Amino acid sequence: MSLASAVRPLVLGIESSCDDTACALVDGDGRVLASVVSSQVAAHAEFGGVVPEIASREHLANWSAVERRAFAAAGIALADVDVVAATRAPGLVGSLLVGLSIGRALAWARELPFHAVHHLEGHVFSPFLGVGGEPAAPIPERFVALVVSGGHTSLYRIDGEAISTLAETRDDAFGEAFDKLGKKLGLAYPQGPKLDLVAERGEPRRRPLSRLAGTAELFFSYSGLKTQAVLELERLAAAGIVPAPDDPRGERLPGELADLAAGFRDSAVRQVLDRLARLHRREPFTTLAVSGGAAANRELRRRLPAWAAERGVELRLVPLVYSGDNAAMIAFAALRRERRGETDDPLAAAAASRAAIEAPA
Ligand code: KG4
Ligand code: ZN
């Protein structure tokens with residue numbers, strides 16, 4: 001891909017809402033020219049989770065190298081950029097401020113259009129991005145989006161320009177529950193993907209956990225399921241079945257604990273499918289776009305295609321490279337806004353730790 005064959009506008013995306021420092025360049029057809037993500041896992045590992053103050057400092061320290069790598073990979077210069085976009089909310093406010101301030105400054109200094117993007121809007125459209133440098137797939141006028149991450153388990157309805165929230169979690173998010181149970185099993189941060197791998201070795205039917213039942217509502221809830229799993233863990237511990245010491249990947253976990261992980265994952269995924277089915281019965285939809293860090297979950301990825309095929313729903317599962325936080329999704333969401341003629345004032349855009357997807361910048 002050369003600059004000559006790229007379609008204008010060229011969008012620079014910046015994402016720093018949590019513990020990934022990311023920079024991407026996306027062209028006017030939604031082609032990802034470069035997407036660089038620098039993980040802070042090593043910096044937070046000894047604390048078992050993200051330490052906000054460390055995250056902000058890491059973003060500052062890592063940005064220059066991440067930006068340089070993205071421009072080198074895309075083979076373009078800063079002077080070629082037409083539009084600047086950065087994540088404004090939700091996330092850790094100190095982390096958001098780093099990327100947002102860089103984006104605001106770049107846009108203001110170069111007099112370029114600026115977009116302060118909601119992080120979840122980035123996830124919502126990420127399943128349409130291509131992985132081989134091809135243009136993004138066309139975004140349908142109407143679809144339902146499921147975002148499963150460490151902070152969110154949400155259903156959205158996209159109808160033309162409008163995005164509205166249909167359901168959220170009442171307590172823990174899908175990925176958060178995996179992280180917390182994984183921590184109890186002695187797994188290292190980030191625990192979600194490791195617990196998923198442990199569950200691959202288990203048999204869910206040997207240690208089933210119940211689902212949230214008895215309601216016709218759409219909301220998600222994962223803290224009850226997590227508590228059930230923790231109580232089961234305590235019963236097993238009383239019987240002498242405990243995680244092996246110093247086993248950060250769970251490779252030596254006893255079979256009973258792998259079964260528990262599998263039972264937990266099965267129930268967590270069933271809850272997602274159950275809510276999708278409720279929504280589909282109530283207001284049928286034809287396209288479902290699934291995204292977010294926890295959309296990497298193996299069981300979820302295995303079961304969603306059959307769920308969708310049974311109902312004639314077209315499924316767009318986010319490519320694994322764009323499931324976790326990245327800046328390509330931020331640039332792509334900004335491109336959609338740019339095409340609609342919207343922009344944000346780089347001098348006024350503010351970072352916010354919490355903000356509904358419907359809330360204006
Ligand atoms: O979207 P993301 O990178 O950051 C947020 O916006 O939260 O999602 C990260 C979350 C973490 O909770 C992580 O443990 C979880 O996604 N996650 C998984 C898997 N891979 C990542 N949870 C379950 N199974 C996985 N395979
Ligand atoms: Zn995210």
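Scroll up to find the structure this text is about.
Here the residue index of a chain counts from 1 through its sequence in written order. Here chains are named by letter from A upward and ligands by number from 1 upward, in the order in which they appear as written. Given that the model is predicted, a residue must reach a pLDDT of at least 70 before its local features are reported, and side-chain atom pairs must reach 80 or more before they are shown or counted; all residues, however, enter totals for whole chains, interfaces and linings. Side-chain descriptors were evaluated using all non-hydrogen atoms of the structure, hydrogens and water having been removed beforehand.

What about the overall build of the protein chain?
To qualify as a helix, a DSSP run of H or I must reach at least 4 residues; to qualify as a strand, a run of E must reach at least 2; elements of each kind are numbered from the N terminus. Across its full length, the protein chain carries 10 helices and 10 strands. Along the longest, intermediate and shortest principal axes, the C-alpha atoms of the protein chain span 65 × 45 × 35 Å. Taken over 361 residues, the protein chain has a buried fraction of 54%. Long-range pairs, those at least 24 residues apart, make up 74% of the contacts in the protein chain between residues at least 6 apart in sequence. For the protein chain, the exposed surface amounts to about 14,900 Å²; the carbon and sulfur share of it is 53%. His is not counted here, nor are the chain ends, while Lys and Arg score as positive and Asp and Glu score as negative. Every charge is mapped to an atom, namely NZ of Lys, CZ of Arg, CG of Asp or CD of Glu. If the 41 positive side-chain charges of the protein chain are averaged to one point and the 45 negative ones to another, these points end up 4 Å apart. Classification of residues uses two cut-offs on accessible area relative to the type maximum, computed with a 1.4 Å probe and protein chains only: under 20% is buried, over 50% is exposed, and between them is partly exposed. In what follows, residue pairs with any heavy atoms lying within 4.5 Å of each other are defined as contacts. Each accessible area value is a Shrake-Rupley result obtained with a 1.4 Å probe; residue values ignore everything except the protein chains displayed when judging cover.

Here we look at the sheet that holds strand β10 (residues 314-317)
What the 5 strands build is an open sheet, ordered β8-β7-β6-β9-β10; its pairing is mixed. The outermost strands of the open sheet, each flanked by one partner alone, are β8 (162-167) and β10. Across the sheet, the mean angle from the axis of one strand to that of its neighbour is 25°, orientation sign disregarded. For two strands to be treated as a pair, DSSP must find no fewer than two bridges joining them. In this structure, strand β7 (residues 153-159) lies alongside β8, joined through 5 bridges in antiparallel fashion. Directly across from Ile158, in β8, lies its bridge partner Ile163. Between N-to-C directions, angles cover 0 to 180 degrees, with each direction set by a line fitted to C-alpha atoms, over the stretch in contact for helices. Contacting β6 (142-148), β9 (287-291) and β10, helix α9 (residues 298-311) crosses the sheet at an angle of about 160° to β10.

Description of helix α7 (residues 223-238)
Given 3.6 residues to a turn, an α-helix orients residues that are three or four positions apart in the same direction. Here a helix's expected span is defined as the number of its residues, less one, multiplied by 1.5 Å. Here α7 spans 22 Å end to end across 16 residues, near enough to the 22 Å set by a 1.5 Å rise per residue. Here α7 has its buried residues at Leu225, Lys226, Ala229, Val230, Glu232, Leu233 and Leu236. The arc that holds the buried residues of α7, viewed along the axis, is 160°, so those residues lie on one side. Away from the buried face of α7 by more than 90 degrees, exposed residues Arg235 and Ala238 are located. Contacts from the buried residues of α7 go to α5 (174-184) and α8 (255-282). Positive backbone phi, at 85°, marks Gly240, one or two positions downstream of α7. Picture the helix axis, draw a direction to every C-beta atom, and the arc is the one those directions span.

Thoughts on the site of ligand 1
Here a residue is considered near a molecule or strand provided that any single heavy atom belonging to it is located within 4 Å of it. The environment of ligand 1 is formed by 18 residues, the closest being Gly150, Asp179, Asp196, Gly293 and Asn297. In the environment of ligand 1, an oxygen atom lies 3.5 Å from a nitrogen or oxygen atom belonging to the side chain of Ser149. Any pair of N or O atoms that falls within 3.5 Å is considered a polar contact. Within protein, one atom must be able to donate a hydrogen and the other to accept it, and sequence-neighbouring residues count only if both atoms are side-chain atoms. At a separation of 3.4 Å, an oxygen atom of ligand 1 approaches a polar backbone atom of Gly175. Out of a free accessible area of 550 Å², ligand 1 has 85% covered by protein chains.

Some points on unusual backbone geometry
The residue after Ala89, namely Pro90, is reached through a cis peptide bond having omega -15°. When you line up the elements, Pro90 lands in the loop between β4 (83-89) and α3 (93-110). Residues Tyr189 and Pro190 are joined by a peptide bond in cis, for which omega reads -10°. You can see Pro190 is positioned in the loop between α5 and α6 (191-200). Unlike most non-glycine residues, Glu111 shows phi in positive territory, near 55°. Mapped onto the elements of the fold, Glu111 is located in the loop between α3 and β5 (114-118). Even without being a glycine, Asp246 presents a positive backbone phi close to 50°. Within the fold, Asp246 resides in the loop between α7 and α8.

Structural notes on α6
Taking burial as the measure, the 10 residues of α6 include 7 buried ones, the bulk of the element. Those residues of α6 lying buried are Gln191, Gly192, Lys194, Leu195, Asp196, Val198 and Ala199.

As for the coordination of the zinc ion (ligand 2)
Here the coordinating atoms are restricted to nitrogen, oxygen and sulfur within 2.8 Å of the metal centre, or 3.2 Å for Na, K and Ca, and because water is not among them the sites may look incomplete. Looking at the metal site, the zinc ion (ligand 2) is ligated by His119 (NE2), His123 (NE2) and Asp325 (OD), spaced 2.1 to 2.2 Å from it. In the primary sequence, the donor residues of the zinc ion (ligand 2) line up as H-x3-H-x201-D. Of the two residues, His123 is situated in helix α4 (residues 119-125) and Asp325 in the loop between β10 and α10 (328-339); the sequence distance between them amounts to 202 residues. You'll find His123 and Asp325 in the same group, each marked buried.

Focus on the side chain of Asp20
Topologically, Asp20 is positioned in strand β2 (residues 20-26). For this analysis, a salt bridge means a side-chain nitrogen from Lys or Arg found within 4 Å of a carboxyl oxygen belonging to Asp or Glu. In this structure, Asp20 is buried with no salt-bridge partner, the nearest side chain bearing the opposite charge being Arg69 at 11 Å. Each residue touching Asp20, except ones within four places of it in the same chain, is listed here: Glu15, Val37, Ser38, Ser39, His59 and Asp325.

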